[in-house]
Amino acid sequence: MRAPPPWPRSLEPRVVAWLEGRHPERALYRALSHGVVVRAVRSLARGRLEVVVAPEMLAPLRRAVAPLARVRVRRRLGAPYALYALVRRPGLWVGAAAFALALGALASMVWAVRVEGAPRALGERVLRVALRYGVAPGAWRAGVRPQRLAAALVAGVPGVTWAAVHSDGGLVVVRVVPALRPVAREEAPRRLVAWHAGRVVALHVRQGRPEVAVGQEVRAGQALVTGYLAEGAPLADGSPGPARWVAPRAVVVARWSERARAEVPLVRRGHGPVRWQLAWMVSVLGRTLSARPAPAGEVAARRLLQRWRIRVGGIECIALRVERVAVRRSWVHRLSPGAARAAAVAAAERRLARAVGSGARILRRQVSVQVRDDRAQAELRVEVEADVARAAGEAPPAGQR
């Protein structure tokens, strides 16, 4: 029974050699007749064969084919030769080991810290507190204590009511929930009403009783969430505490369609500022010697400063007239069709922004632009989503519903 080979078949050592000569086929036949085991044979060109043999068969192959062909070793394949090449090249495996160590060290470091759920000013304060606790780019991930940092953020950052820290590779994500701050003059509103009609697609109630549901159509001014009176904590003597007002706090996202139109003329006419200039005329015996007429433009006003006439025998010899003239120049600006289309779309965008507000999210957008006669007309049709909840009313006095 043969012993199993020490290497898998794909890793067994083997030698790829060329048989070169005038008759390589005869040389191969002579080698086979002398007991040389050849694993594979391939004809390359006239006078050349490629053979694959085991390393121990290389010397018998050389002796067998010596009279007829020459053996040239091309490649040595297999696990032993690969290990030998690694041993002969220490820089290769030392570099691989250094790369693995560097990769492991870099993967164990914090490369970025991101704050989610907070405005910019609050996020900067959160990052400063995280830096004091050693959570910054370049720090070790093993030194990040998520629970400790989250507790420090809640206790040390004003305006943070909840925080959570988790790492995703080299990224540390800090999620915070800012404290609810009432709007001025709306510390305790009675209800939240819709400022725009639409279909409710999301409802997130933090405080209060919801009056609508997801999928319901609401109209402008309809109550969305109402507050309520709750019993206060009992006093030291066991008597019930005073009732407190629970103001409504919610985000009600509605979806609706909006349309905005705008027109821009291709030819624009206007007037510049009024400029005052001097105009004069000097004439002798009916001939004009010097004159400065009013500049081109629309004359808005004239003011006579000086007017002299010298007559001899009923004949006007010398005349001088000096006046101050107010001139307003008009201008005409002609737009190309492309520029007019762009201006019309920009004007429609501004009207749309005033209609839906800056906090709306545009889901679908359709733009139609036409040039008719001397005007470019643009129409925007969009489907938007926005928080339509607005505070309304004042909280009732304690004890009243």
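Only a predicted model underlies this, so the values are computations on that prediction, with no experimental measurement involved.

## Brief notes about the nonpolar core
Among the nonpolar cores identified, the biggest contains 32 residues, and Leu224, Trp256 and Val388 are the most heavily contacted of them. Elements with a minimum of two residues in this core: strand 8 (191-194), strand 12 (223-226), strand 15 (249-265), helix 7 (337-356) and strand 21 (375-387). Residues in contact with Leu224, not counting those within four places in the same chain, are Leu192, Val193, Ala194, Arg209, Pro210, Glu211, Val212, Val218, Val252, Val388 and Ala389. Ranked by size, the runner-up nonpolar core spans 18 residues in total, among them Val113, Val157, Val172 and Val174.

## Quick word on the packing of helix 3 (residues 79-88) against helix 4 (residues 90-107)
Packing of helix 3 against helix 4 brings their axes to within 5 Å, and their N-to-C directions diverge by 85°. The angle between helix 3 and helix 4 places the two elements in the roughly perpendicular class. On helix 4, the residues that touch Leu86, Val87 and Arg88 of helix 3 are Pro90, Leu92 and Trp93. By residue class, the composition of the contact of helix 3 with helix 4 is five nonpolar, no polar and one charged.

## Here we look at the pairing of strand 3 (residues 48-53)
The element strand 3 is largely enclosed, with a buried count of five among its six residues. Relative to strand 3, strand 1 (residues 14-20) runs antiparallel, the two being bridged by six bridges. Within strand 3, the residue paired with Leu19 across the bridge is Leu49. In this structure, strand 2 (residues 38-45) lies alongside strand 3, joined through six bridges in antiparallel fashion. Looking across to strand 3, one finds that Val38 is bridged to Val53. Connecting the antiparallel pair strand 2 and strand 3 is a turn made up of two residues, with Gly47 showing a positive phi of about 85°.

## Overview of the sheet that holds strand 7 (residues 171-178)
Strands sit in the order 5-7-6 across an open sheet of three strands; the sheet is mixed. Looking at the sheet topology across the chains shown, the edges are occupied by strand 5 (112-116) and strand 6 (160-168). Shown here is a sheet whose adjacent strand axes are inclined to one another by a mean of 20°, direction ignored. Relative to strand 7, strand 5 runs parallel, the two being bridged by five bridges. From the neighbouring strand, Glu116 faces strand 7, where its bridge partner is Arg175.

## Brief notes about the packing of aromatic side chains
The description of an aromatic ring pair uses the distance of the two centres, along with the angle that the planes make with each other. For the structure on display, the rule yields one aromatic pair. Here Trp195 and Trp256 contribute two aromatic rings whose centre-to-centre distance is 5.8 Å and whose plane-to-plane angle is 85°, an arrangement assigned as edge-to-face. Here Trp195 is found in the loop between strand 8 and strand 9 (198-207), whereas its partner Trp256 is found in strand 15, with 61 residues between them in sequence. The side chain of Arg74 reaches across the aromatic face of Trp18, ending 4.2 Å from its centre.

## Section: unusual backbone geometry
If you check the backbone angles, Asp373 has positive phi at about 55° while not being a glycine. Mapped onto the secondary structure, Asp373 falls in the loop between strand 20 (361-372) and strand 21.

## Some points on helix 5 (residues 120-132)
With 13 residues, helix 5 should cover 18 Å at 1.5 Å per step; its first-to-last C-alpha distance of 19 Å lies within 8% of that length. The set of residues buried in helix 5 consists of Leu122, Gly123, Val126, Val129 and Ala130. Mapping the buried residues of helix 5 onto a view down its axis gives an arc of 120°, with all of them on the same face. The exposed residues of helix 5 that point more than 90 degrees off its buried face are Arg120, Leu131 and Arg132. Tucked inside the fold, the buried residues of helix 5 contact strand 5, helix 6 (146-156), strand 6 and strand 7.

## A few points about the sheet that holds strand 22 (residues 389-392)
The strand order across the open sheet formed by four strands is 10-12-8-22, and the pairing between neighbours is antiparallel. Every other strand in the sheet has two partners, leaving strand 10 (209-210) and strand 22 as the edge strands with one partner each. Pairing of strand 10 with strand 12 involves two bridges; the strand directions are antiparallel. Looking across to strand 12, one finds that Arg209 is bridged to Thr226.

## Here's the deal with the pattern of salt bridges
Taken as a whole, this structure holds 18 salt bridges when the rule is applied. The salt bridge partner of Arg321 is Glu323, with a shortest N-O separation of 3.4 Å. Overall, the relative accessible area of 31% leaves Arg321 in the partly exposed class.

## Quick look at the confidence of the model for the protein chain
Averaged over all residues, the pLDDT of the protein chain is 81; the fraction at 70 or higher stands at 88%. Within the protein chain, the element-level pLDDT minimum falls on strand 17 (residues 287-292), averaging 66, and the maximum on strand 11 (residues 217-218), averaging 92. Of the regions scoring below 50 in pLDDT, residues 182-186 engages in four contacts with residues more than four places distant in sequence or in other chains.

## Looking at the packing of helix 1 (residues 24-33) against helix 2 (residues 58-65)
Viewed as axis vectors pointing N to C, helix 1 and helix 2 meet at an angle of 125°, and their least axial separation amounts to 9 Å. Here helix 1 lies oblique to helix 2, going by the angle between them. In this structure, helix 1 meets helix 2 at a crossing whose hand is right-handed. Contacts from Ala27, Arg30 and Ala31 of helix 1 reach helix 2 at Leu61, Ala64 and Val65. Within the contact of helix 1 with helix 2, the residues separate by chemical class into five nonpolar, no polar and one charged.

## Focus: the environment of Ser167
Its place among the elements puts Ser167 in strand 6. As for Ser167 and Val113, which are separated by 54 residues in sequence, their C-alpha atoms are 9.1 Å apart. Residues contacting Ser167, with those up to four places away along its chain left out, are Arg141 and Val172.

Rules behind the numbers
Residues numbered from 1 in each chain as written. Predicted model: local features only at pLDDT ≥ 70, side-chain atom pairs only at ≥ 80, totals over all residues. Heavy atoms only, no water. Core = buried A, V, L, I, M, F, W, Y, C linked by side-chain atoms within 4.5 Å. Buried < 20%, exposed > 50% of the residue type's maximum accessible area, 1.4 Å probe, protein only. Helix = DSSP H or I, 4+ residues; strand = E, 2+ residues; numbered from the N terminus. Contact = heavy atoms within 4.5 Å. Axes fitted to C-alpha atoms, helices over the stretch in contact; angles between N-to-C directions. Parallel < 35°, antiparallel > 145°, perpendicular 65-115°, else oblique. Nonpolar A, V, L, I, M, F, W, Y, C, P; charged D, E, K, R; others polar. Pairing = 2+ DSSP bridges. Phe/Tyr/Trp six-rings, centres within 6.5 Å; stacked < 30°, edge-to-face > 60°. Lys NZ or Arg CZ within 6 Å of the ring centre and 35° of its normal. Expected span 1.5 Å × (residues − 1). Arc of directions from axis to C-beta. Salt bridge = Lys/Arg side-chain N within 4 Å of Asp/Glu carboxyl O. pLDDT = per-residue confidence, 0-100. Left-handed = near helix turned anticlockwise from the far one by under 90°.

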